[in-house]
Amino acid sequence: MALSTRKKTVFVDSDILVVGGGMAGCGATYEARYWGRDLSIVCVEKANIERSGAVAQGLYAINCYMGMHWGENQPEDHVRYARNDLMGLVREDLGYDIARHVDSTVHKFEEWGLPIMRNPETGRYQREGKWQIMIHGESYKPIVAEAARKAATQIYNRIMVTHLLMDAGNANRIAGCVGFNVRTGDFYVFRAKAVIVCAGGASHIFKPRAVGEGMGRTWYAPWSSASAYALPIVVGAKMTQMENRIVLTRFKDGYGPVGAYFLHLKTYTQNAYGEDYEAKWYEHTKQMVGDYVDRHPVPTCLRNHALLEEVKAGRGPIRMVTTHAFQDPHKEQVGWENFLGMTIGQAVVWASQNIDPKHTNPELTTSEPYVMGSHATCSGAWASGPSDYAPAEYQWGYNRMMTVDGLFGAGDTIGGTAHKFSSGSFTEGRIAGKAAVNYVNDMRSGQPQVSDKECAALKKTVYQPMENYRIGRNEIVGGTVSPSYILPIHGLQRLEKIMDEYVGGIGANYTTNEPLLTRGLELLQMLKEDMEHVGAEDLHQLQRTWELHHRVIASESVTRHTLFRTETRWPGYYYRADHPKLDDADWHCFTLSRYDRHTNAWELEKAPVYHIVE
Ligand SMILES: Cc1cc2nc3c(=O)[nH]c(=O)nc-3n(C[C@H](O)[C@H](O)[C@H](O)COP(=O)(O)OP(=O)(O)OC[C@H]3O[C@@H](n4cnc5c(N)ncnc54)[C@H](O)[C@@H]3O)c2cc1C
């Protein structure tokens, strides 16, 4: 008897289904309840929302707060900032929409018990930088999760969502999702009128610097497995800016963040010979990107670029000069607490390498690329904008609805809106939650239908990797290598190698070109064929298999977008060696893609960037 037929199927009906209970998912769940008092609101999460997502370990700063009631910043200022940092290309309507609501989100966090530091002189929130406020954030996620738990009809933890379901009567309308419980193995069919995807970003699609024993040591959460992109891509949602992968400058080996060090502790960088190097690369960078290098603050990618060039010139390693700041006991304490509240691993790495930043300037490095929509980058789904602010071309339905009817998104899922971070992601979740309630209320009786046949077929597909293992393991005569299946870890390593070597990872100095990308796509195609033969030993490996599927789909999207944009828009994130300069004449635009699962074809197009804010 096939394994899938032995698994129990659990059906769950709801009005609004939130996929992923991280920052955005908690915001969506919370707000959907506020506007939809009588609606059934379900949140499904592959881990446990108490400590899930990128904020699981806690944070030391909330990176997006305007401070409007103190006259510190206005939403328009934030749009200008994000636009500048992304070399001109952001969805200003979406960014403005988040910025105008984000302060109220942060005030709620404080009400719910999040300790926010105060400036003793002004009584205002303690600023780390222009946009960041400092928090004692070790329990940030549990506090936010509690609000979602109280708001939801039910939270389903430990369920890995593998596929979205479409309405049997309307090929472009969402109807729910399927997944499996990673502990019990039960198959779940969630039927819903609206779905909000909040499944975080993507790490481990490019080969990380730390491999083998250290492969979980990446900057972005290793469990951020690209579901936010793969789920919508497979059902035909348009994606935008998927080429805009992000590379982070971080403390070496532990990926400890540098924000508090630069902004609050006023530490600075220098090359191996104690020289300031950034200014040296000014003319060189100007030739590549023109006036963008003169913008203030200097865009994140360009700061990476100077570091990369200095290292290529043989004057690495680059170090953060901490030895001056750390002589001040207050700054020393802040420096350590910064890690203990969110990246304990960095403190441990320093201890293990005999680095006391009071006496030794620690090394910096650049990470492998990640795909996400909430940091200094804006990959993700193409979404409809707010009705009072978005240009007509960016509006086709409800706020934050993708190009699939009833399918919404927030946080890392939604493209074009950089610099939303934790608070902005929660805020965008709230915006999507409210819009989804309106969608459901307007739908009245016209409920989407889920086909039993489709569910049965998906059930078979979901458990097939366990079936592959069950049969294939009989052919093993020694060790773990089977002639008829590959293990998820093998597939992951193969994906990371392809992306690294062909699509501009660390091994290629972030550089690629058309022939490399074309070959990369061929190799990805072969990997996709082999994905049908992954063998999963147990439920844990089954989850790894589906995470890998999602990573492969997102990787193909990244590769196709990178091929489409024939310019180097963000030096420091990646380089098209065959188009080494920024080209505003042809590419001051968004890139959009749509995948057709029936024909396996991808369509790419340009969409205009509207500058709404002066
Ligand atoms: C190292 C690091 C440092 C950061 N520092 C800061 C900072 O200092 N300040 C700040 O404001 N922001 C910071 N951020 C950014 C912030 O964490 C993100 O902006 C925010 O978490 C994005 O919210 P999200 O809901 O989109 O994703 P997440 O919060 O990552 O949530 C995604 C959720 O989806 C779940 N999920 C994924 N796939 C599936 C699936 N298939 N089925 C079911 N569930 C699924 C995940 O388990 C997770 O719970 C940092 C991020 C990182 C990684």
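Conventions we followed
Counting restarts for each chain: residues are numbered from 1 in the order of the written sequence. Where totals are concerned, whole chains, interfaces and linings use all residues; where local detail is concerned, this predicted model gives features only for residues with pLDDT of at least 70, and gives and counts side-chain atom pairs only at 80 or more. No hydrogens and no water enter the side-chain calculation; it runs on all heavy atoms of the structure. To be near a molecule or strand, a residue needs just one of its heavy atoms within 4 Å of it. Nitrogen and oxygen atoms within 3.5 Å of one another constitute a polar contact, given that in protein one can donate a hydrogen and the other can accept it, and given that sequence-neighbouring residues count only through two side-chain atoms. Note on areas: Shrake-Rupley, 1.4 Å probe, and residue coverage restricted to the protein chains presented here. Helical segments are the DSSP runs of H or I of at least four residues, strand segments are the runs of E of at least two, and each set is numbered from the N terminus. Throughout, the ten residues Ala, Val, Leu, Ile, Met, Phe, Trp, Tyr, Cys and Pro are labelled nonpolar, Asp, Glu, Lys and Arg are labelled charged, and all others, Gly among them, are labelled polar. Here, a disulfide means two cysteine sulfur atoms that sit within 2.5 Å of each other. Note on geometry: axes are C-alpha line fits, over the in-contact stretch for helices, and angles between N-to-C directions span 0 to 180 degrees. Roughly parallel means an angle under 35 degrees; roughly antiparallel, over 145; roughly perpendicular, 65 to 115; everything else is oblique. Put simply, a crossing is left-handed when the front helix is turned counterclockwise from the back one by less than a right angle, and right-handed when it is turned clockwise. Should any heavy atoms of two residues lie within 4.5 Å, those residues are considered in contact. Exposure above 30% relative accessible area and the lack of any salt bridge qualify a residue for a patch; like charges then connect within 9 Å, and the nonpolar side chains Val, Leu, Ile, Met, Phe, Trp and Tyr within 5 Å. Should a side-chain nitrogen of Lys or Arg be within 4 Å of a carboxyl oxygen of Asp or Glu, the pair is scored as a salt bridge. Each residue is assigned to one of three classes by its accessible area relative to the maximum for its type, calculated with a 1.4 Å probe on protein chains only: buried under 20%, partly exposed between the two thresholds, exposed over 50%. Strand pairing is assigned whenever DSSP detects at least two bridges linking the two strands.

## Details of the site of the ligand
Surrounding the ligand, one finds 30 residues, the nearest of these being E45, S52, A61, S374 and S422. Note that an oxygen atom of the ligand is positioned 2.8 Å from one of the side-chain N or O atoms of S52. C198 has a polar backbone atom sitting 3.4 Å from an oxygen atom of the ligand. If the ligand stood free it would expose 1,000 Å²; the protein chains cover 96% of that surface. If you list the elements that add at least two residues to the shell around the ligand, you get α2 (23-35), β3 (59-62), β6 (159-167) and α12 (421-443). Residue composition of the shell around the ligand, by class: 15 nonpolar, 12 polar and 3 charged.

## Concerning the state of the cysteines
Under the definition given, this model contains 0 disulfides. Here C43 stays unpaired: no disulfide links it, and the sulfur of C26, its closest cysteine neighbor, is 6.3 Å away. Take C198: it sits in no disulfide, and the sulfur closest to it among the cysteines is that of C43, at 7.8 Å.

## Here we look at the packing of helix α14 (residues 488-502) against helix α16 (residues 539-564)
Contact geometry for α14 and α16: axes closest at 9 Å, N-to-C directions at 15 degrees. In this view, α14 runs roughly parallel relative to α16, as classed from their interaxial angle. Between α14 and α16 lies a crossing of left-handed hand. Between α14 and α16, the residues in contact are P488, G491, L492, L495 and M499 and Q541, R544, T545, L548, R551, V552, S555, V558 and T559, respectively. A per-class count over the contact of α14 with α16 returns 7 nonpolar, 5 polar and 2 charged.

## Brief notes about a nonpolar patch on the surface
Where nonpolar side chains cluster on the molecular surface, the patch consists of L340, I344 and V348 and spans about 270 Å² of accessible area. Within the element layout of this structure, L340 appears in helix α10 (residues 329-340).

## Things to note about the pairing of strand β2 (residues 41-44)
Of the two faces of β2, the one lined by I41 and C43 and the one lined by V42 and V44 are each fully buried. For strand β1 (residues 9-19) and β2, the ladder comprises 4 bridges, and the chain directions are parallel. From the neighbouring strand, L17 faces β2, where its bridge partner is V42. In this sheet, strand β5 (residues 154-156) lies alongside β2 in parallel orientation, the contact comprising 3 bridges. Bridged to V44 within β5 is Y156.

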